[in-house]
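In case you want the letters, here they are:
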Amino acid sequence: MWEIGAVTLAGMATVWFAGNPDSDKRKIKKVFANVRYGVKDYQPKLLRTIRKTTFAEYVYNVPYGLIDDPKLEPILTKTLDKPVHVYFDGKLHVRVYTSTLPTSVPYATIPKLAESWAAPIGITGEGYVYHDFDKRPHMSIAGMTRYGKSVMLKTIMTSLIEKNPEDVRIYIIDMKGGLEFGEYEALKQVVRVASNTEEAKECLDEVAAELRKDMIDFRRKGYNNVINSPIKKRTFVLVDEGAQLAPETHHNKKEKRKLASCHSALSEITRIGGALGYRLIFGTQYPTADTLPRQVKQNCDGAISFRLPTDTASQVAIDQNGAEKLAVPGRALYRTDKVVELQAPLIDDAEMWNRLKRYKVNKREVIRNGDNVNQARKTDTPRRGDYIEIG
C-alpha cells in the first residue's frame, strides 16, 4: 500500500471550509435523487458517518445490483465545492475532505520517515504520502513538460541520497542530453549519467551484467530477496525521457538493435532485479504501448502521472482516465492498489545541489585505502562500495 506519514495537517498550506457536515449529507442525498442513482424507488441508505480531522466519510448500503458510478465523484465534488473521493467495497463510501490540496509543497517541509527507502511523493487530503522502494521496487512516472515529472525524479533522488548516503548507487539515463542530471554525475552515489542512445546502452549493459553476477551470488549464499539478507545497498536506475529509447521507423537497423537492447535490459531489471536490490524509476512525457515497455509497466507496482494530453495516455500511465484533467503544476495521480490525487513536493536545482554538494567527489582521484581507482566512466566505472571517502 501507499503510506501516509503519521503527521497532522495543521502545518499544511490549506484552505479550510466552513459549513455544516449535515448540509453535505443532505446535498449528497439530493444528488442521488437528481442523477437517479438507485434502483427504482430505492436509493442508497446511510449506515454510518465517520468523522476525522481532515474528512467526513459517509457509508451507504446500496440496493442489490447497484454499483459505484464513475460520474458520482466529479458531480459531488462540484456540488459540495470540496474535494470528494468515492469508492465501493460492497458499501458505497463518499469521503468529503475539509481542505483543498495546496498548490505548492516545498520539499523541506515534508517530514522524513524512519524507513530507509521511503521517498516522499506528496500530500493528499489525509496526509503525506511516501513510496517505499523496498515494498514496491519499481515506479513509472508520466507527465507533460513543466508539470512535475523531472522534479519528481529529483525529489526521489535527493531523498534517497540524504537518507542513505553510503548505501545507494544511482545510474541515470537522461535522454535530454544530460541537461537535467549531468551535473550530478560528480556525486559519489551516482555511478554514471548517460545522455544519448549509445551511452544508455552501455549503462544498461553494465547494470544487466552486475544484476546477473548478483543473481549467482544470491544463489550461492542462499538469499531469495535482498530485504531478507544482510545487504544494505540498493541500486537505482533513473530514466528521464524514456520515450527516446523506443525504436521508431526512422531509425536504421543498428540504432534499432541498440534501442531494443535497452528495452530488453529495462525489462530484465523490472522482472528479476527487485529481489536483488535493483529499482527502476522510468519517466516519460507521453506514455504509449511503445514508449512504456509492456514488461516495465506490468512490473512497476507504483505509477505516478502528472498532466497528460489525452485520456488514452492516462489509461496507459495509470490504467484509468483522469490525468488529462490535472491542471495544476505538481498535481498528480498516484496508483498502487488504488489511485489517489496528490500535490507533489517541489525542489529546485539550487536547493537540490545545496543539499547534495557535500557528496561531490573527484572520481579520478586514487582511493588511498587500497581500493580501485575511480577513472573516467568509460574505462573503470566505480563498482558497489567503491566510493571515495569525503571529509
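Parameters and conventions
Residues numbered from 1 in each chain as written. Predicted model: local features only at pLDDT ≥ 70, side-chain atom pairs only at ≥ 80, totals over all residues. Heavy atoms only, no water. Helix = DSSP H or I, 4+ residues; strand = E, 2+ residues; numbered from the N terminus. Buried < 20%, exposed > 50% of the residue type's maximum accessible area, 1.4 Å probe, protein only. Contact = heavy atoms within 4.5 Å. Areas by Shrake-Rupley, 256 points an atom, 1.4 Å probe, with all protein chains shown as cover. Axes fitted to C-alpha atoms, helices over the stretch in contact; angles between N-to-C directions. Parallel < 35°, antiparallel > 145°, perpendicular 65-115°, else oblique. Left-handed = near helix turned anticlockwise from the far one by under 90°. Nonpolar A, V, L, I, M, F, W, Y, C, P; charged D, E, K, R; others polar. Phe/Tyr/Trp six-rings, centres within 6.5 Å; stacked < 30°, edge-to-face > 60°. Lys NZ or Arg CZ within 6 Å of the ring centre and 35° of its normal. Pairing = 2+ DSSP bridges. pLDDT = per-residue confidence, 0-100. Arc of directions from axis to C-beta. UniProt positions renumbered as here; feature names shortened; annotations may be inferred. 1 Å grid on protein atoms, 1.4 Å probe; cavity = no way out; pocket = protein on both sides within 12 Å on 5 of 7 lines; lining within 4 Å. Core = buried A, V, L, I, M, F, W, Y, C linked by side-chain atoms within 4.5 Å. Patch = residues over 30% accessible without salt bridge, like charges linked within 9 Å, V, L, I, M, F, W, Y side chains within 5 Å. Salt bridge = Lys/Arg side-chain N within 4 Å of Asp/Glu carboxyl O. Lys, Arg positive; Asp, Glu negative; His and termini not counted. Charge placed at Lys NZ, Arg CZ, Asp CG, Glu CD. Points joined across faces, edges and corners; volume = space filled by probe spheres on them.

**Q** I tried to follow the overall build of the chain on my own but got confused; where do I start?
**A** Counting secondary structure elements, the chain contains 8 helices and 17 strands. Out of the 391 residues belonging to the chain, those deemed buried represent 50%. Residue pairs in contact within the chain that sit at least 24 positions apart in sequence constitute 65% of those at least 6 positions apart. Of the accessible surface of the chain, which amounts to about 18700 Å², a share of 50% is contributed by carbon and sulfur atoms.

**Q** Even after reading the chapter, I still don't get the packing of helix α4 (residues 197–221) against helix α5 (residues 253–276), so can you show me in this structure?
**A** Pairs of packed helices are described in terms of their axes, by the angle between the two and the distance that separates them. Viewed as axis vectors pointing N to C, α4 and α5 meet at an angle of 30°, and their least axial separation amounts to 9 Å. Our classification of the angle between α4 and α5 gives roughly parallel. Classified by chirality, the crossing of α5 by α4 is left-handed. Taken together, the residues of the contact of α4 with α5 sort by class into 15 nonpolar, 3 polar and 7 charged.

**Q** Honestly, unusual backbone geometry in this entry has me stumped. Any pointers?
**A** Excluding glycine, residues mostly carry a negative phi; peptide bonds, for their part, are mostly trans. Unlike most non-glycine residues, Arg36 shows phi in positive territory, near 60°. With a phi angle near 55°, Lys40 is a residue other than glycine that sits in the positive phi range. One can find Lys40 in the loop between α1 (21–34) and β2 (45–51). Note on Lys40: relative accessible area 83%, which makes it exposed.

**Q** What is the right way to look at the packing of aromatic side chains in this model?
**A** Describing an aromatic ring pair means giving the distance of the ring centres and the angle of the ring planes. For the structure shown, the criterion picks out 8 aromatic pairs. Their ring planes at 40° and their centres at 5.4 Å tell us that Phe32 and Tyr37 sit as a pair that is tilted. The same class applies to Phe32 as to Tyr37, namely buried. Here the aromatic cluster, defined as three or more aromatic residues joined through ring pairs, consists of Phe32, Tyr37 and Tyr60. Directly above the aromatic system of Phe55 lies the positively charged group of Arg95, at a separation of 4.2 Å from the ring centroid.

**Q** Is there a simple way to think about the pairing of strand β7 (residues 118–123) in this case?
**A** Each regular strand displays side chains that alternate between the two surfaces of the sheet. Most of β7 sits out of view: 6 of its 6 residues are buried. The pairing of β7 with strand β8 (residues 128–132) spans 5 bridges and is antiparallel. Of the residues in β8, the one forming a bridge with Pro120 is Tyr130. Counted along the chain from β7 to the antiparallel partner β8, the turn is 4 residues long, and its residue Gly127 has a positive phi close to 150°.

**Q** Looking at this structure, I do not really get the confidence of the model for the chain. What am I missing?
**A** Taken over all residues, the pLDDT of the chain has a mean of 86, while the share at 70 or more is 87%. The model gives residues 5–19 a pLDDT under 50, and that stretch makes 32 contacts with residues more than four places away or in other chains.

**Q** Is there a simple way to explain helix α2 (residues 72–80) in this structure?
**A** Note that an α-helix has 3.6 residues per turn; residues three or four places apart therefore point the same way. Among the residues making up α2, those that are buried are Leu72, Leu76 and Leu80. Mapping the buried residues of α2 onto a view down its axis gives an arc of 40°, with all of them on the same face. Just past α2, the residue Asp81 takes up positive phi, approximately 55°.

**Q** Could you clarify how one ought to interpret the UniProt feature "binding site: ATP" (unreviewed entry) in the chain in this entry?
**A** The positions UniProt marks with the feature "binding site: ATP" (unreviewed entry) are Gly143, Met144, Thr145, Arg146, Tyr147, Gly148, Lys149 and Ser150. Of the annotated set named above, Gly143, Met144, Thr145, Arg146, Tyr147, Gly148, Lys149 and Ser150 line the second largest pocket. Mapping Gly148 onto the fold places it in the loop between β9 (139–142) and α3 (149–163). Taking the relative accessible area as the measure of exposure, Gly148 reaches 15% and is therefore buried. Take Ser150: it is sitting in helix α3. Residue Ser150 is classed as buried on the basis of its relative accessible area, which comes to 10%. Leaving out residues up to four positions away in the same chain, Ser150 has contacts with Lys176, Glu180, Phe181 and Asp240.

**Q** It is not clear to me how the nonpolar core should be interpreted in this structure. Could you clarify?
**A** Nonpolar side chains in soluble globular proteins tend to end up buried together. Formed by 37 residues in total, the largest nonpolar core has its most connected members in Ile156 and Met157. Counting residues per element, this core draws most heavily on α3, at 6 residues. Setting aside residues no more than four positions away along its own chain, Met157 makes contact with Ile170, Ile172, Phe181, Tyr184, Leu187, Val190, Leu238 and Met352. The next biggest cluster of nonpolar side chains, apart from the first, holds 28 residues, and it includes Ala200, Leu259, Leu276 and Leu292.

**Q** Help me out: how do you make sense of a positive patch on the surface in this one?
**A** Together, Lys253, Lys254, Lys256 and Arg257 give the surface a local cluster of positive charge. When you line up the elements, Lys256 lands in helix α5.

**Q** For this particular structure, what's the right way to read the environment of Pro287?
**A** Looking at where Pro287 falls in the secondary structure, it is placed in the loop between β13 (278–284) and α6 (294–299). The sequence separation of Pro287 and Val316 amounts to 29 residues, and the corresponding C-alpha distance is 6.2 Å. In this structure Pro287 touches Ala142, Leu292, Leu308, Ala313, Val316 and Ala317, once residues within four positions along its chain are discounted.

**Q** Is there a simple way to think about the layout of surface pockets in this case?
**A** Empty space left among the atoms is revealed by rolling a probe the size of a water molecule over them. Volume-wise, the largest pocket comes out at about 1400 Å³. Along the walls of the largest pocket sit 36 residues, with Glu73, Val84, His85, Leu333 and Glu341 positioned nearest its centre. Split by residue class, the lining of the largest pocket holds 16 nonpolar, 9 polar and 11 charged. Computed from the structure, the second largest pocket encloses a volume of approximately 290 Å³. What lines the second largest pocket is a set of 24 residues, among which Arg146, Tyr147, Gly148, Lys149 and Val151 lie closest to the centre. Contributing elements (two or more residues each) for the lining of the second largest pocket: α3 and β17 (345–346). Looking at the lining of the second largest pocket, the element that brings in the most residues is α3, giving 4 residues. Across the lining of the second largest pocket, the residue classes break down as 10 nonpolar, 9 polar and 5 charged.

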